[in-house]
Amino acid sequence: MEAQRIVDILRNGQLDDTATIQGWVRTKRELKNFAFMEINDGSAMANLQVVVDADFPDYEALLKRITTGTSIEVTGTLIPSQGKGQRIELKPTNLQIYGESDPETYPLQKKRHSFEFLREIGHLRARTNTLGAVFRVRNACAAAIHQFFQERDFLWVHTPLITASDCEGAGELFNVTNFDLKQVPRQENGEVDYSQDFFGKRAYLTVSGQLEAEVMAMSFKNVYTFGPTFRAENSNTSRHLAEFWMIEPEMAFCNLVGDMDLAEAFLKYIFQSVRDRCPEDMEFFNKRIDKTVLATADNIINNQFERITYTEAIELLKKAKKKFEFPVDWGVDLQSEHERYLAEELFKKPVIVCDYPKDIKAFYMRLNDDGKTVAAMDVLAPKIGEIIGGSQREERLDVLEKRIDEMGMPQEELWWYLDLRRYGTVPHAGFGLGFERLVQFMTGMGNIRDVIPFPRAPLSADF
Ligand code: 4AD
Ligand code: MG
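In this convention, every chain numbers its residues from 1, walking through the sequence in written order. Working convention: letters from A go to chains and numbers from 1 go to ligands, in the order in which they are written. Owing to the predicted nature of the model, reporting of local features is limited to residues with pLDDT of at least 70; listing and counting of side-chain atom pairs is limited to 80 or more, with chain, interface and lining totals taken over all residues.

A.B. asks: Please clarify how the pairing of strand β1 (residues 18–30) should be interpreted in this entry.
C.D. replies: Within a regular strand, the side chains alternate between the two sheet faces. In this analysis, strands are considered paired if DSSP registers two or more bridges between them. Counting from the N terminus, the helices are DSSP H or I runs at least four residues long and the strands are E runs at least two residues long. With seven bridges joining them, β1 and strand β4 (residues 71–80) adopt antiparallel strand pairing. Across the sheet, the residue bridging to Trp24 is Ser71, located in β4. In sequence, β1 turns back onto strand β2 (residues 34–40) through a hairpin of three residues.

Here you go:
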């Protein structure tokens, strides 16, 4: 008999049905005449309880081999459960052990483990309740994102991971090399010659797929990317990774207001979709991780986001009774503490801040008529801070060329990007959503390293 998912059995299984499950033993309890075990197959938070009577063939020998972590297949009949918290349980007619799990060395025990400890056993942590729920919600977010864009006829475009351009201009790039490590090319002064590193050219891991997404938007109008991006920022915080996933829609014939409208509709859609699809997991987060998770989801779904300009944000921060570590003044970049104050304390909902000073933003953002600010927008979320960063792009060739020169960037390397302004330019806009920050926001998880299966960050486990 083909195995069924435990979640389906728990939801829909009828008494006297025959069922087969495959999974891993979470716990085992032996009583005088029978034993219980809880089996989990990753399909849900809940386990299915299996009750084995003492007259089951080879009972004693079998039970000795079954411990936490053992992989097992059980076929049996669904019977009413006497225990609390579950409707049905499985009484086996056939039980097969696939792999034993030495209780002396298996690191996962019934008690709650700290997330720090679980990060050291990254290869096993997905078997815990919390990480299991995180990765199911992560999957549901990804599916909702594709659904949102596909319903709106956005084309999913695949942008390269190896690139020559520093989209954000922040210099946080990882080099890609095919050096023979025994013969690293050197300049005359002895320093490594990186201009040679990718088959004779310089190359990096991408920090953003935006520039290439703009290329695609100039023929398909509405496109989006969904892929890994890399930042060599050595920030050891609970919100930064060296490798993270980003979703970047790009829309031709669109301005900053259209961009903000899309960002807001997008977040609302994802929250609604995950609430519908993962109710048990969301309840779990609300109970065990952060008591505001469900209220936050409702807040996102039902309330309009606040929209303010950067200049207004600075005024509000100056008026705040709070003492900030980093002082605020017009022209400074907003720090996480400022972003969180606005979203978490002042407005108590997501805040979209727009029209930032041009000097703290990237080269491609459209210059506003005041000559000082650009058509940028960041969505700030309670507890997280910046979750989305976006802008209307500079579509005017002369203005863009001037800006690139001002910033000391090499025009010749961006010839293809400038071509988009030479041939059929249009107003266009887009944004980037940090996927892991979204999953953190959704689940209330405190550390970004616990919402991605294999975190890559300074000092993180490297396998
Ligand atoms: O604000 P950022 O740098 O914007 C861009 O990369 C633009 N090219 C996006 C666009 O307009 N198409 O990054 C976008 C988002 C941030 O708001 C944040 O959520 C996330 O990416 N992010 C990170 N997430 C995890 N770890 C890091 N080191 C991150 N850096 C940015
Ligand atoms: Mg940003």
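A.B. asks: Help me understand the nonpolar core in this model?
C.D. replies: As a rule of thumb, soluble globular proteins bury nonpolar side chains together. Definition of nonpolar core: a set of buried Ala, Val, Leu, Ile, Met, Phe, Trp, Tyr and Cys residues joined via C-beta atoms within 7 Å. Note on burial: count the other C-beta atoms lying within 10 Å of the residue's C-beta; 20 or more is buried, 12 or fewer is exposed, in between is partly exposed, and C-beta positions come from the backbone. In this structure, Val137, Cys141 and Val274 are the most contacted members of the largest nonpolar core, which totals 81 residues. Broken down by element, this core gets its largest block of residues, nine residues, from helix α6 (residues 256–277). Setting aside residues up to four positions removed in sequence, Val274 forms contacts with Val137, Ala140, Cys141, Ala144, Met282 and Met442. In terms of nonpolar packing, the next biggest core, distinct from the first, is built from 16 residues, Ile6, Ala19, Val25 and Ala44 among them. Distance between backbone-placed C-beta atoms decides contact: two residues are in contact if it is within 7 Å.

A.B. asks: Please explain helix α7 (residues 279–288) as it appears in this structure.
C.D. replies: The periodicity of an α-helix, 3.6 residues per turn, causes residues three or four positions apart to be oriented the same way. Three or more residues of α7 are buried, namely Asp281, Met282, Phe284 and Phe285. Burial along α7 is one-sided: seen end-on, the buried residues are contained in an arc of 155°. Relative to its buried face, α7 has exposed residues pointing more than 90 degrees away, namely Pro279 and Lys287. Elements that come into contact with the buried residues of α7 comprise α4 (129–151), α6, α8 (293–302) and α13 (435–443). An arc is given here, and it is the one of the directions from the helix axis to the C-beta atoms.

A.B. asks: Which parts of the structure should I look at to understand the UniProt feature "domain: Aminoacyl-transfer RNA synthetases class-II family profile" (unreviewed entry) in the chain?
C.D. replies: UniProt records the feature "domain: Aminoacyl-transfer RNA synthetases class-II family profile" (unreviewed entry) at residues 135–453, using the numbering of this structure. Along residues 135–453 the backbone is 37% helical and 19% strand, and the end-to-end C-alpha distance reaches 8 Å. UniProt positions are given in the numbering used here, feature names are shortened, and annotations may be inferred rather than shown by experiment.

A.B. asks: Explanation requested: the environment of Leu316 in the structure shown.
C.D. replies: Of note, Leu316 is situated in helix α9 (residues 310–319). A residue is classified by how many C-beta atoms lie within 10 Å of it, and Leu316, with 17 of them, is partly exposed. Along the primary structure Leu316 and Glu280 are separated by 36 residues, whereas in three dimensions their C-alpha atoms are 39 Å apart.

A.B. asks: How do you make sense of the site of ligand 1 when you look at a structure like this?
C.D. replies: Each residue gets a C-beta atom placed from its backbone. If that atom is within 6 Å of a molecule or strand, the residue is near it. Taken together, 23 residues form the shell around ligand 1, and within it Ser208, Gln210, Gly389, Gly432 and Gly434 come nearest. The biggest single contributor to the shell around ligand 1 is strand β14 (residues 385–392), with six residues. Residues are sorted three ways: Asp, Glu, Lys and Arg are charged, Ala, Val, Leu, Ile, Met, Phe, Trp, Tyr, Cys and Pro are nonpolar, and all the rest, Gly among them, are polar. Within the shell around ligand 1, the residues separate by chemical class into seven nonpolar, nine polar and seven charged.

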